[in-house]
Amino acid sequence: MTFDYAFILSTLPAFLKAVGVTLQVGLIAIGTSLLVALLNATILVFRTPYLRKLVGLYVELARNTPLLIQLFFVYFALPAVGIQVSGFTAAIITMTFLGGAYLTEVLRAGVDAVPQAQLESGRSIGLSHGQLLRYVILPQAGILSLPSLFANFIFLLKETTVVSAVAVPEILYTTKSYIALYYKTYEMLAVLTLICVLLFLPLSLLLSRLERRLQHGQFGS
């Protein structure tokens, strides 16, 4: 078996564009998922009974259905009721739906880990519930949740490969397209593997370093 290196080089511009799409989808989904999780964490902190049950139902539904099924539902089923969305929009919606559920659980665990003494101290100096949430609960919960948050960020970025199923031109879709057109299977799989390593490994190391710095920073180190 010989590799066609000239062909690999000719595909690099398309793969660079695909990496941009992958990062765009992944970063938007991470941002929107984090917003959903913050809203849900706030609801859980305020302990509103019906809203808490609604959040719990959402988390269970999102975490117990495959992302691909969610994606197909949004992309193929919604047009049947008059809601037409592009593949890119469907990708953002479904990844936010899934990511928001996972990040909600991460922040919930972080909130539960905040020492009760901190809450009692905040109340004793006259902080309102909103101030307690803003200045005491969420900052500490965020720091405590960093390892799981960053792990889920990487998870969401890797899950962008699923959106190739609705023709979003990310790295997996580009790989499959070249294989279908030119039958250069080994070359394209090698490029895909290399891109994943170069994309996700440095990002994982960067987030690990950032996590250590932020967690140590709260102790003045």
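The protein chain carries the name Amino acid ABC transporter permease in an unreviewed UniProt entry, which gives Pseudomonas triticicola as its organism. Comment text from UniProt for the protein chain, heading Sequence similarities (unreviewed entry), reads "Belongs to the binding-protein-dependent transport system permease family. HisMQ subfamily."

Caption draft 1: Region of interest: the packing of helix H1 (residues 5-46) against helix H7 (residues 171-182). The contact between H1 and H7 brings their axes to 8 Å, and the two run at 150°. As summarised for this structure, H1 and H7 are arranged roughly antiparallel, according to the angle between their axes. Handedness of the crossing formed by H1 with H7: right-handed. Here Phe7, Thr11, Ala14, Phe15, Ala18, Val19 and Thr22 of H1 come into contact with H7, specifically with Ile171, Thr174, Thr175, Tyr178 and Tyr182.

Caption draft 2: Here's a closer look at the packing of aromatic side chains. All chains considered together, the criterion is met by 10 aromatic pairs. Seen in terms of ring centroids, Phe15 and Tyr178 are 6.0 Å apart; in terms of plane orientation they differ by 20°. Their pairing is stacked. You can see Phe15 sitting in helix H1 and its partner Tyr178 sitting in helix H7, a full 163 residues away along the chain. Since its relative accessible area comes to 2%, Phe15 is described here as buried. Here a set of aromatic residues connected by ring pairs shows up, and it is made of Phe7, Phe15, Tyr178 and Tyr182. The ring centre of Phe7 lies 5.8 Å from the NZ or CZ of Lys184, which sits over that ring.

Caption draft 3: Representation of unusual backbone geometry in the model. The backbone phi angle of Ala167 is positive, close to 65°, even though this residue is not glycine. Secondary-structure assignment places Ala167 in the loop between helix H6 (129-158) and H7. Although it is not a glycine, Tyr183 sits at a positive phi angle of roughly 60°. With respect to the helices, strands and loops of the structure, Tyr183 is situated in the loop between H7 and helix H8 (185-217).

Caption draft 4: A look at the UniProt feature "domain: ABC transmembrane type-1" (unreviewed entry) in the protein chain. The sites that UniProt annotates as "domain: ABC transmembrane type-1" (unreviewed entry) are residues 19-207. Within residues 19-207, the helical portion is 82% and the strand portion 0%, while the C-alpha atoms at the span's ends are 19 Å from each other.

Caption draft 5: Region of interest: the UniProt feature "transmembrane region" (unreviewed entry) in the protein chain. Using the residue numbers shown here, the UniProt feature "transmembrane region" (unreviewed entry) corresponds to residues 20-46, 67-85, 132-155 and 188-207. Each end of residues 67-85 is marked by a C-alpha atom, and these two atoms are 17 Å apart; helix forms 58% of the span and strand 0%. Strand forms 0% of residues 188-207 and helix 100%; the C-alpha atoms that close the span are 28 Å apart.

Caption draft 6: Representation of the nonpolar core. Membership of the largest hydrophobic core comes to 44 residues, with the highest contact counts inside it found for Val25, Met95, Phe153, Val168 and Met188. Of all the secondary structure elements, the ones that give two or more residues to this core are H1, helix H3 (67-77), helix H4 (87-113), H6, H7 and H8. If one sorts the elements of this core by residue count, H1 sits on top with 11 residues. In this view, Met188 contacts Phe7, Ile8, Thr11, Phe15, Thr175, Tyr178 and Ile179; residues no more than four positions away in its chain are not counted. Of all hydrophobic cores here, the second largest spans 9 residues; its members include Val45, Leu119, Leu132 and Ile137.

Calculation notes
- Residues numbered from 1 in each chain as written.
- Predicted model: local features only at pLDDT ≥ 70, side-chain atom pairs only at ≥ 80, totals over all residues.
- Heavy atoms only, no water.
- UniProt positions renumbered as here; feature names shortened; annotations may be inferred.
- Axes fitted to C-alpha atoms, helices over the stretch in contact; angles between N-to-C directions.
- Helix = DSSP H or I, 4+ residues; strand = E, 2+ residues; numbered from the N terminus.
- Parallel < 35°, antiparallel > 145°, perpendicular 65-115°, else oblique.
- Left-handed = near helix turned anticlockwise from the far one by under 90°.
- Contact = heavy atoms within 4.5 Å.
- Phe/Tyr/Trp six-rings, centres within 6.5 Å; stacked < 30°, edge-to-face > 60°.
- Buried < 20%, exposed > 50% of the residue type's maximum accessible area, 1.4 Å probe, protein only.
- Lys NZ or Arg CZ within 6 Å of the ring centre and 35° of its normal.
- Core = buried A, V, L, I, M, F, W, Y, C linked by side-chain atoms within 4.5 Å.

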